[in-house]
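Architecture at a glance
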Amino acid sequence: CVERTGKYIYFTIVTKDRKEIDFRCPDQSCWNASITMALIDFQNKRAIQDFKSRQEMEQAAGTQERRLARA
């Protein structure tokens, strides 16, 4: 989560066990852009991984259906 208020940018990272880690930096700081890009990169990689997993499951289901049809 990224929020911009006045002269600060706030980052909140929520962990898998639902704990929150909050960061605050001045609006002019450059490390806020690095964190934002890293979060976007992580979300993109996770989306690609989810997509590939769904494709693999669909392919496996199709292979099993063809085997059953031959039997």
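Per an unreviewed UniProt entry, the protein carries the name PHLA2 protein and comes from Pitta sordida.

1. Overview of the overall build of the protein
If you tally the helices and strands in the protein, you get one helix and three strands. The helix and strand sequence of the protein, counted from the amino end, reads β-β-β-α. Taking all 71 residues of the protein together, 8% fall into the buried category. Within the protein, counting contacts between residues at least 6 apart in sequence, those at least 24 apart form 7% of the total.

2. Quick word on the pattern of salt bridges
A complete count under the given rule lists two salt bridges for this structure. Asp17 is the salt-bridge partner of Lys19, the closest N and O atoms lying 3.9 Å from each other. Residue classification places Asp17 among the partly exposed residues on the basis of a relative accessible area of 48%. With a shortest N-O distance of 3.3 Å, Lys45 and Asp41 are connected by a salt bridge. Taken together, the residues Lys45 and Asp41, both in helix α1 (residues 31-70) and four residues apart, mark about one turn of the helix.

3. Here we look at unusual backbone geometry
At Arg18, a position not held by glycine, the phi torsion is positive, near 65°. Note that Arg18 resides in the loop between β2 (8-14) and β3 (20-26).

4. Focus: the pairing of β3
Every regular strand shows the same layout, with side chains that alternate between the two sheet faces. Sheet topology places β2 next to β3; seven bridges connect them, and they run antiparallel. Note on β3: the bridge partner recorded for Tyr8 is Pro26.

5. Some remarks on the packing of aromatic side chains
Per the counting criterion, the structure on display carries one aromatic pair. Taken together, a centroid distance of 6.3 Å and an interplanar angle of 55° make the contact between Tyr8 and Tyr10 tilted. Judged by relative accessible area, which is 31%, Tyr10 ranks as partly exposed.

6. Quick look at a nonpolar patch on the surface
Judged by side-chain polarity, Ile13, Ile21, Phe23 and Trp31 come together as a nonpolar surface patch covering roughly 310 Å² of accessible area. Tracing the chain through its elements places Ile13 in strand β2. Its relative accessible area of 33% is what places Ile13 among the partly exposed residues.

The rules behind the values
Residues numbered from 1 in each chain as written. Predicted model: local features only at pLDDT ≥ 70, side-chain atom pairs only at ≥ 80, totals over all residues. Heavy atoms only, no water. Helix = DSSP H or I, 4+ residues; strand = E, 2+ residues; numbered from the N terminus. Buried < 20%, exposed > 50% of the residue type's maximum accessible area, 1.4 Å probe, protein only. Contact = heavy atoms within 4.5 Å. Salt bridge = Lys/Arg side-chain N within 4 Å of Asp/Glu carboxyl O. Pairing = 2+ DSSP bridges. Phe/Tyr/Trp six-rings, centres within 6.5 Å; stacked < 30°, edge-to-face > 60°. Patch = residues over 30% accessible without salt bridge, like charges linked within 9 Å, V, L, I, M, F, W, Y side chains within 5 Å. Areas by Shrake-Rupley, 256 points an atom, 1.4 Å probe, with all protein chains shown as cover.

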